[in-house]
Structures are given as C-alpha cells and as structure tokens.
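Overview (structure and organization)
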Protein chains: 2
Amino acid sequence: MATQNQELKKVGLKVTLPRVKILQMFEASDCGHLSAEDIYKALQETGEDVGLATVYRVLTQFEAAGLITKHNFDGGHAIYELASDDHHDHMVNIKTGEVIEFVDSLIEQRQHQIAAEHGLTIVGHSLVLYVKATE
Amino acid sequence: MATQNQELKKVGLKVTLPRVKILQMFEASDCGHLSAEDIYKALQETGEDVGLATVYRVLTQFEAAGLITKHNFDGGHAIYELASDDHHDHMVNIKTGEVIEFVDSLIEQRQHQIAAEHGLTIVGHSLVLYVKATE
DNA sequence: TTTACTGCAAACTGTTTGCAGTAAA
DNA sequence: TTTACTGCAAACAGTTTGCAGTAAA
C-alpha cells in the first residue's frame, strides 16, 4: 500500500483520489516547489478530473496538517513544498525561475537575537534572495 | 513652494492634487508604511475626492520613478514606503500589524556570501520576520 | 490648446465559499 | 449509513484598465 495513504490517515484526512495524487506530485517532483495552478494543470494533463477549488482546499489542509509549507514569493501566486524538519530559505533566480534552497544558522541566530532585542518572538519569517548568475 | 512639487517635476510627473497629497502623506507619516487602502481612506477623511484607482496609479508611478518602494508582506495587500538610501529589513507584528524596520550588516554580509558561493549575484531580496510580543 | 491625468465602473487574478451531489469509512 | 469530501459556479479581495471628462502646462 502506498505510503501516502498512511500519511493522510495519520493527519486525520480521508484517503481520496485528489489528496493522494497531489501528495504524490510533491514527492515525485524533484524541485518540489509547486503552485496551485501547476498542480491543477498537471492533474488535467494526466486526465484526472479535479477542480481547482479542490486543489486549493487540499493544499490548505495539507498546510494545516504540517505536510507542506506555503511561500509567498513575489509575483502574485503562492508556492508550496513538502515540509521538512530542517528549516531553509530560498534564492529565486530571476532569469530562470529556478528555486534554490539554503540554510544559514548564523542568519537564523541573528534573526532571533534581533527580535529578542525588541522584546519580540519570531512566529514566522520569510527570507528570499532574488538572484542572477554573476557576470 | 512645497518641496513635493520639485520632486514630482524632477521625475517628469505633472503636479496634481492627488500626487502632491499622497507624497505629503508619506513624508508626514512617521512610520511611513502605507497601503493603497490606508491612503485612500485617509484622503476620504480629509475630504479629498480621490479615487482608489488613482491611488494605485500614483503609487505605481512613484515606484517606477524610484520615489517609493513596494513590499509584499503576507496578508494580501502590498505596502509602500518612501525610498531611502539605507537598506533595511522589516519585522511585522502579527497581532497589531505594526511594522518595525531593522538593519543588520551581519545578515547582509552573509546573504552576499551565500549567493557568491553559488556563483550568483543578489538582485533584490526580502527578509520579513513575523513577530509577536514575547509572553 | 494640447496632452497628461482623473474618477468611475467594469474587468482581472488568485483564492475562498455555499451548495447539492458523491464517495470513503 | 453517516459524514467527510468533491465539483461547480458564484463570491471575494486586491489591483488594473478602458473610457469619457477635466485640469495642468
């Protein structure tokens, strides 16, 4: 039995076709950074009859369940990726659209320090570097 | 004559009431982080008859002219602030909506270093810490 | 007078929601 | 059988745009 089924049950969601398919897409895709539109189109192409509204609902549920993470990069639409234990930030290549992940504990550390200096606690954060190839 | 008039002329925009008023609002407001909606409402309250579409148009023109900077924080609507030479990042208090600016040269430095390690150059970046008061 | 600018309403994009039907448990 | 889930279409928020009128130069 596919692993997805267990993952879904674990978070209290019924095992339905749209959910299994979408979860598979995240696990299959190597880059792993997908928008609702990406997923919707890909499902259409494989002949699956899943509505866009359902894609959004499933993504919201997956995010609430901690299976995936949502990012609001520039450019309007949100993108999602499988949640992983290790936190990381992103570089977006503005020429190619490529998304590169990176981790830097020094930056993480400074962020918490800065918030603390203001008597604040970090609830979430977003660090995106928009980059291009060095000439 | 008000300074705003020169600034507008310098960037090749006619000196009109909506533009002068909006530019004044940015210079007057101490926090300086305003959304289109904020500006529109404030103008209504002072009895100015400026349409929301015009607010958006003016903001877009000001951004193109380099007078102001646009930020896409979480939560749907964009916010704008007067452009300044010194770069800074933002903390957004998720309870109050308050925006706090901060600068950290260590983080800046690391960002460039990380990009360089990948053979990339930073074109732009966005660092936002979503925070709340420490309990 | 000429041309840029404006307000209005209608269009658009990304996302959410109400509802009646459908399928998982 | 029960209840969660689905597709559809309609609603939504933030933003943009076409157009005919208005005001800056």
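To be clear, the structure that these remarks concern was listed above.
So, a few notes on the structure that sits alongside this text.

Conventions we followed
Residues numbered from 1 in each chain as written. Chains lettered and ligands numbered in written order. Predicted model: local features only at pLDDT ≥ 70, side-chain atom pairs only at ≥ 80, totals over all residues. Heavy atoms only, no water. Near = heavy atom within 4 Å. Polar contact = N/O pair within 3.5 Å; in protein donor to acceptor, adjacent residues only side chain to side chain. Helix = DSSP H or I, 4+ residues; strand = E, 2+ residues; numbered from the N terminus. Nonpolar A, V, L, I, M, F, W, Y, C, P; charged D, E, K, R; others polar. Core = buried A, V, L, I, M, F, W, Y, C linked by side-chain atoms within 4.5 Å. Buried < 20%, exposed > 50% of the residue type's maximum accessible area, 1.4 Å probe, protein only. Contact = heavy atoms within 4.5 Å. Least-squares fit on C-alpha atoms with pLDDT ≥ 70 in both. Pairing = 2+ DSSP bridges. Axes fitted to C-alpha atoms, helices over the stretch in contact; angles between N-to-C directions. Buried area = accessible area lost by both parts, 1.4 Å probe. Salt bridge = Lys/Arg side-chain N within 4 Å of Asp/Glu carboxyl O. Expected span 1.5 Å × (residues − 1). Arc of directions from axis to C-beta.

**Observations regarding the protein's contact with DNA strand D**
Around DNA strand D, a shell composed of 20 residues is seen, among which T16, R19, D49 and T54 of chain A together with Y56 of chain B lie nearest. Sugar plus phosphate: this is where 70% of the atoms of DNA strand D within 4 Å of the protein reside. In the environment of DNA strand D, a phosphate oxygen lies 3.2 Å from a nitrogen or oxygen atom belonging to the backbone of G51 of chain A. Of all the secondary-structure elements, those providing two or more residues to the surface near DNA strand D are α2 (17-28) and α4 (52-64) of chain A together with α4 (52-64) of chain B. Per-element accounting of the surface near DNA strand D gives the leading share, four residues, to α4 of chain B. Here the residues of the surface near DNA strand D sort into nine nonpolar, five polar and six charged.

**Overview of the nonpolar core**
Ranked by internal contacts, the top residues of the largest apolar core, which has 22 residues, are M91, L129 and V131 of chain A together with M91, L129 and V131 of chain B. Contributing elements (two or more residues each) for this core: β5 (99-102), α5 (105-117) and β6 (120-133) of chain A together with β5 (99-102), α5 (105-117) and β6 (120-133) of chain B. Ignoring sequence-local partners within four residues, the contact set of V131 of chain B consists of A115, L120, T121, I122 and V123 of chain A together with M91, V92, N93 and I94 of chain B.

**Details of the side chain of Q111 of chain A**
Positionally, Q111 of chain A belongs in helix α5. Setting aside anything within four residues of it in sequence, one finds Q111 of chain A in contact with I122, H125 and L127 of chain A together with I107, L127 and L129 of chain B.

**So, the protein's contact with DNA strand C**
With respect to spatial proximity, 20 residues lie near DNA strand C, and among them Y56 of chain A together with T16, R19, D49 and T54 of chain B are the closest. Backbone atoms, meaning sugar and phosphate, form 69% of the atoms of DNA strand C found within 4 Å of the protein. Within the contact set of DNA strand C, a base nitrogen lies 3.4 Å away from a side-chain nitrogen or oxygen of K14 of chain A. Here G51 of chain B contributes a backbone N or O atom positioned 3.1 Å from a phosphate oxygen of DNA strand C. Elements with a contribution of two residues or more to the surface near DNA strand C: α4 of chain A together with α2 (17-28) and α4 of chain B. Counted by class, the surface near DNA strand C contains nine nonpolar, five polar and six charged residues.

**Regarding the relation of the copies chain A and chain B**
Screw-axis analysis of chain A against chain B gives a translation of 0.1 Å along the axis, an RMSD of 0.7 Å, and a rotation angle of 180°. In the structure described here, the two chain copies are related by an operation that fits a two-fold rotation axis. Rotation axis and chain A: the residue whose C-alpha lies nearest the axis is L127 of chain A, separated from it by 2.3 Å. Of all interface residues in chain A, 100% are interface residues in chain B too; the two copies therefore contact each other through one and the same surface.

**Concerning the sheet that holds strand β1 (residues 34-35) of chain A**
Residues and elements named next belong to chain A. Pairing in this open sheet of three strands is antiparallel, and the strands run β1-β3-β2 from one edge to the other. The open sheet terminates on both sides in strands that have one partner only, identified here as β1 and β2 (68-71). The sheet contact formed by β1 and strand β3 (residues 79-82) spans two bridges and is antiparallel. Paired with L34 across the two strands is Y80, which belongs to β3. Contacting β1, β2 and β3, α2 runs over the sheet at an angle of about 75° to β3.

**With respect to the interface of chain A and chain B**
At the junction of the two partners, chain A supplies 31 residues and chain B supplies 31 residues. Surface buried jointly by chain A and chain B totals about 2,800 Å² across both partners, of which 66% is contributed by carbon and sulfur atoms. Linking chain A with chain B are two salt bridges, by the criterion used here. Note that D104 of chain A and R110 of chain B form a salt bridge whose closest N and O atoms lie 2.2 Å from each other.

**Things to note about the environment of V55 of chain A**
Residue and element names in this part refer to chain A. Inspection of the secondary structure assignment puts V55 in helix α4. Residue class for V55 comes out buried when judged on its relative accessible area of 0%. Residues V55 and I107, 52 residues apart in the sequence, show an inter-C-alpha distance of 34 Å.

**Describing α4 of chain B**
All names here are of chain B. Across its 13 residues, α4 extends 19 Å between first and last C-alpha, which sits within 8% of the 18 Å expected from 1.5 Å per residue. Those residues of α4 not exposed but buried are V55, V58, L59 and F62. For α4, the angular spread of buried residues about the axis comes to 100°, placing them on one side. α4 presents R57 and A64 as exposed residues on the side facing more than 90 degrees away from its buried surface. Summarising the contacts, the buried residues of α4 are in contact with α1 (3-10), α2, α3 (36-45), β2 (68-71) and β3 (79-82). Of the residues trailing α4, G66 is marked for its positive phi of about 80°.

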